[in-house]
Amino acid sequence: MKKNRSQLELTKEEMTSYGYQIIDAIVEHHDTQKQKLPVALGSREEMDSLFLEEAPEMGTEPTQVLNFVLEKVMTKSTLMSHPKSYSFVPGPSNYISAMADTLATGYNIFSGGWAASPAAAELEIVTIQWLLKIFGFPKKKGGGIFTSGGSMANLTALTTARRIKCGDDFSKAIIYLSDQAHSSNIKAIRVLGFKKEQIRIIPTDSEFKFSVNKLKNCIAKDRLEGLMPFCLIATSGTTNTGTVDPLSELANICKKEDIWFHIDGAYGAAAILSKTGKSLMKGIEKADSLTVDPHKWFYQPYEMGCLLVRNHKYLSHTFTEKPEYLRDIEGNTSEINFYDHGIQLTRRFRALKFYMSLKTFGLQEFRNAITYNIDLAEATEGILRKSKRWEVVFPATLAVINFRYNPISKNYTDKELDSINQYISEKVVSSRKALLVTTILHGQVVLRMCLINPRTNLDDVKETLELCGGFAAEIEEKLTKR
Ligand SMILES: *Cc1c(COP(=O)(O)O)cnc(C)c1O
């Protein structure tokens, strides 16, 4: 039975039974996840005591290792696809895509070049074309690439913007983004080696939108000083509030000023599949590049981000390098080598999960799910507004709602409200019954629910609000005793 171990092999029977155990575990998880507690907690000491050991010289029976992992590792990980995981951006995922990932990994498909796997490259071309059409980008000229996530998509975008707009000399280049832009953009700017003095963070207005007037002033001033405005990053669905920047107006400014227009739609862009989203996102089609993040609101499992560009040549001009050992496999330009369109050479076959899940469920079901999410957040807002205890701090926007405990019968100071709401969130998380954390809006501590899980229903939300209410009562009692 163990004769194949030196080739890192299992027998056929072993492989079958091992695989079925994993499938059984995944199916059971999908089926019963709602009854589990979403939040996992654990200190470094606890995790060390469970897992810390030297690399084992001798092997162990496969099922023994598997059972240990199922019991100890999987149970100590927060369930981002749980209906009561509301925080950061949940990862609802879907079973078809999870299995597609298993297939891609099982065959270990190399999705770098055309020659190695023409079908994988073609599926990436096809699914990117689906996305180009969804976002109104030019179908023939447009292009794109799948990445590990939104952060890498933004990095790929800014690298491209700099190459196309500045060439080799970017010493005077200036980049503009709002104070609500995602931190991954600043990270990307830093990775690219820009100095602090080359970054302009423009304040947002009272609704967290890019302040167009302040932006125009800033660009004008930079021009007067002989600097070179080269890129603007707008957000289509901010992570904090779901706010969409005034895309059409920003597009016009960029066109007039010859500035690269990048839109970070990692959180919200998928909502273009809903009526509400479509009207909010007018102008998204004018971007030079657009980040979308299928592992968020396109319900894909981690990791899957995507960058779309107006012209596929932007990517090939930025990323093509020709080492001698890749000489023999250069195809023609229609047979795309995706290693020429981005940073990675060896790449996993990400397109497969997007392809299989869209084929299986159809775009219509994605539209329905996204519309449901947006409606759910609006229904939640309705509940909060009818309550004497809750205050809506920012209305439901693209399935995000920000609120806080602020009973009308009391006159708490801002400081008290901050600590009450902080307390609620800490208690909820440590109860492990829901993942609900705070954010800061206009200097206030608020609770933020991101409702992009199509398996979350209004009862889940109501139960969570009751849980919050209970903890609120607890701290109010403490406050009055003081
Ligand atoms: C999540 C997010 C990102 C980063 O994406 P990752 O997939 O986490 O790397 C970037 N921008 C916005 C607006 C996001 O919400």
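Residues numbered from 1 in each chain as written. Predicted model: local features only at pLDDT ≥ 70, side-chain atom pairs only at ≥ 80, totals over all residues. Heavy atoms only, no water.

- Under the annotation held in an unreviewed UniProt entry, the chain carries the name Decarboxylase and is attributed to Flagellimonas olearia.
- The Sequence similarities (unreviewed entry) comment attached to the chain in UniProt states, word for word, "Belongs to the group II decarboxylase family." (UniProt positions renumbered as here; feature names shortened; annotations may be inferred.)

### What to know about the nonpolar core
No. 1: In this structure, Phe-135, Leu-232, Phe-261 and Trp-297 are the most contacted members of the largest nonpolar core, which totals 91 residues.
No. 2: At 11 residues, helix H12 (residues 351–386) tops the list of elements feeding residues into this core.
No. 3: For Phe-261, the contacting residues outside a window of four places in its chain are Leu-232, Ala-234, Leu-247, Leu-250, Ala-251, Cys-254, Lys-286, Ala-287, Asp-288 and Ser-289.
No. 4: By size, the runner-up hydrophobic cluster in this structure holds 29 residues, among which are Trp-114, Ile-125, Ile-233 and Leu-315. (Core = buried A, V, L, I, M, F, W, Y, C linked by side-chain atoms within 4.5 Å. Buried < 20%, exposed > 50% of the residue type's maximum accessible area, 1.4 Å probe, protein only. Helix = DSSP H or I, 4+ residues; strand = E, 2+ residues; numbered from the N terminus. Contact = heavy atoms within 4.5 Å.)

### Considerations on the environment of Asp-258
No. 1: Checked against the element boundaries, Asp-258 lands in the loop between helix H9 (247–257) and strand S5 (260–265).
No. 2: Considered as a pair, Asp-258 and Phe-230 are 28 residues apart in the sequence and their alpha carbons are 7.3 Å apart.
No. 3: The residues touching Asp-258, leaving out its near neighbours within four places in the chain, are Lys-165 and Pro-229.

### Quick look at the sheet that holds strand S3 (residues 199–202)
No. 1: The seven strands are arranged S1-S7-S6-S5-S4-S2-S3 in an open sheet whose pairing can be described as mixed. The open sheet has two free edges, formed respectively by strand S1 (143–147) and S3, since each of these has just one partner strand. In this sheet, adjacent strand axes meet at a mean angle of 20° when their direction is disregarded.
No. 2: Bridge count between strand S6 (residues 289–292) and strand S7 (residues 305–309): four bridges; the pairing is antiparallel. (Pairing = 2+ DSSP bridges. Axes fitted to C-alpha atoms, helices over the stretch in contact; angles between N-to-C directions.)

### A closer look at the UniProt feature "modified residue: N6-(pyridoxal phosphate)lysine" (unreviewed entry) in the chain
No. 1: With numbering matched to this structure, UniProt assigns "modified residue: N6-(pyridoxal phosphate)lysine" (unreviewed entry) to Lys-296.
No. 2: As for its placement among the helices and strands, Lys-296 is situated in the loop between S6 and S7.
No. 3: A relative accessible area of 14% means that Lys-296 is categorised as buried.
No. 4: Residues in contact with Lys-296, not counting those within four places in the same chain, are Val-89, Pro-92, Ala-266, Tyr-267 and Ile-452.

### Some thoughts on the pattern of salt bridges
No. 1: For the structure shown, the criterion picks out 19 salt bridges.
No. 2: The salt bridge involving Arg-200 is made with Asp-222; its shortest N-O contact spans 3.1 Å. One end of the pair, Arg-200, is in strand S3; the other, Asp-222, is in helix H8 (residues 212–224), with 22 residues separating them in the sequence.
No. 3: Across the pair Glu-476 and Lys-410 runs a salt bridge, and its minimum N-O distance is 3.0 Å. Of this pair, Glu-476 sits in helix H14 (residues 458–481) while Lys-410 sits in the loop between strand S9 (400–405) and helix H13 (414–431); the two residues are 66 residues apart in sequence, bridging distant segments of the chain.
No. 4: Sharing partners across several salt bridges, the network here consists of Asp-101, Arg-348 and Lys-353. (Salt bridge = Lys/Arg side-chain N within 4 Å of Asp/Glu carboxyl O.)

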